[in-house]
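# Understanding the architecture of this molecule
Residue-level listing of the chains:
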Amino acid sequence: MTRERKFMMEAIALSEKGINCNDGGPFGCVIVKGETVIGRGNNKVLSSNDPTAHAEVVAIRDACKNLGSFQLTDCEVFSSCEPCPMCLGALYWARPKVIYFANTRQDAADAGFDDSMIYEEMKACIMERKIPIIPLARKEALKVFESWKLKTDKTVY
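Below is a summary of the structure that appears in this document.

Before going further, it helps to examine the pairing of strand β4 (residues 98-103). Here is the key point about a regular strand: its side chains alternate between the two faces of the sheet. In this sheet, β4 lies alongside strand β3 (residues 75-81) in parallel orientation, the contact comprising 5 bridges. When the sheet's bridge partners are listed, Val77 is paired in β4 with Ile99. Handedness of the crossover is the feature at issue here: the chain leaves β3, passes through helix α4 (residues 85-94), returns alongside β4, and the resulting connection is right-handed.

Written out as structure tokens, the structure is:
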């Protein structure tokens, strides 16, 4: 068995553990640095009452805590399913070097986890989205961005 398959099998086992514990949907994720698993997660949406507690997000939080870093430099992500739009965004922010996945987004849709509406919403004009998204107080908020730009002791990420 290749090392990649070994880590993927661990992610798949986490997805099964999560549904057996009624934590949430059938999703698992491990994050690896070198040969060491540094982050683990299964979907915990139901057990935590947190719609953002997807397996990848839980694993990112665990890995970053264990690394003492907000980025996953030189890390590999093994997810039991192709990441949803939220998880994909979180993974891009975390900056791993590679993402492996087992089930596809179509497999997820067939199991009742269809993200196609979100993909479509992301392409839609802001004024045509299903949930109203309304600009407000930009002038005041821009002042804080200006302060950030001028801040000399910031950590850029």
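Moving on: the layout of surface pockets. Taken as a whole, the largest pocket encloses approximately 340 Å³ of empty space. For the largest pocket, the lining is made up of 20 residues, of which Phe27, Asn43, His54, Cys84 and Phe113 are closest to its centre. Residues that form the lining of the largest pocket fall into these classes: 12 nonpolar, 4 polar and 4 charged. Taken as a whole, the second largest pocket encloses approximately 150 Å³ of empty space. Considering the residues around the second largest pocket, the lining is formed by Met117, Ile118, Glu121, Met122, Arg129, Ile131 and Ile133. A breakdown of the residues in the lining of the second largest pocket according to their chemical character gives 5 nonpolar, no polar and 2 charged.

For Asn22, which is not glycine, the phi torsion reads 60° and is therefore positive. Along the chain, Asn22 turns up in the loop between α1 (3-20) and β1 (28-33).

Let's shift gears to helix α7 (residues 138-150). For α7, which comprises 13 residues, the first-to-last C-alpha distance of 18 Å matches the rise-based estimate of 18 Å (1.5 Å per residue) to within 8%. Of all 13 residues in α7, 0 are buried; the element is thus mostly exposed.

Within the secondary structure, Cys29 sits in strand β1. Cys29 sits 49 residues away from Phe78 along the chain, and the two C-alpha atoms are 5.5 Å apart. What Cys29 contacts, discounting residues up to four positions off in sequence, is Ala11, Leu14, Gly39, Arg40, Gly41, Ala55, Glu56, Ala59, Val77, Phe78 and Ser79.

As a further point, take the pairing of β1. The element β1 is extensively covered by neighbouring structure, given that 5 of its 6 residues are classed as buried. The hairpin turn running from β1 into strand β2 (residues 36-42), its antiparallel successor, is 2 residues long, and Gly34 in that turn takes a positive phi close to 70°. When β1 meets β3, the two strands line up antiparallel, connected through 5 bridges. Of the residues in β3, the one forming a bridge with Ile31 is Val77.

Here is what the cut-offs are and how they apply
- Residues numbered from 1 in each chain as written.
- Predicted model: local features only at pLDDT ≥ 70, side-chain atom pairs only at ≥ 80, totals over all residues.
- Heavy atoms only, no water.
- Pairing = 2+ DSSP bridges.
- Helix = DSSP H or I, 4+ residues; strand = E, 2+ residues; numbered from the N terminus.
- Right-handed = clockwise from strand over helix to strand, strands pointing away.
- 1 Å grid on protein atoms, 1.4 Å probe; cavity = no way out; pocket = protein on both sides within 12 Å on 5 of 7 lines; lining within 4 Å.
- Points joined across faces, edges and corners; volume = space filled by probe spheres on them.
- Nonpolar A, V, L, I, M, F, W, Y, C, P; charged D, E, K, R; others polar.
- Expected span 1.5 Å × (residues − 1).
- Buried < 20%, exposed > 50% of the residue type's maximum accessible area, 1.4 Å probe, protein only.
- Contact = heavy atoms within 4.5 Å.

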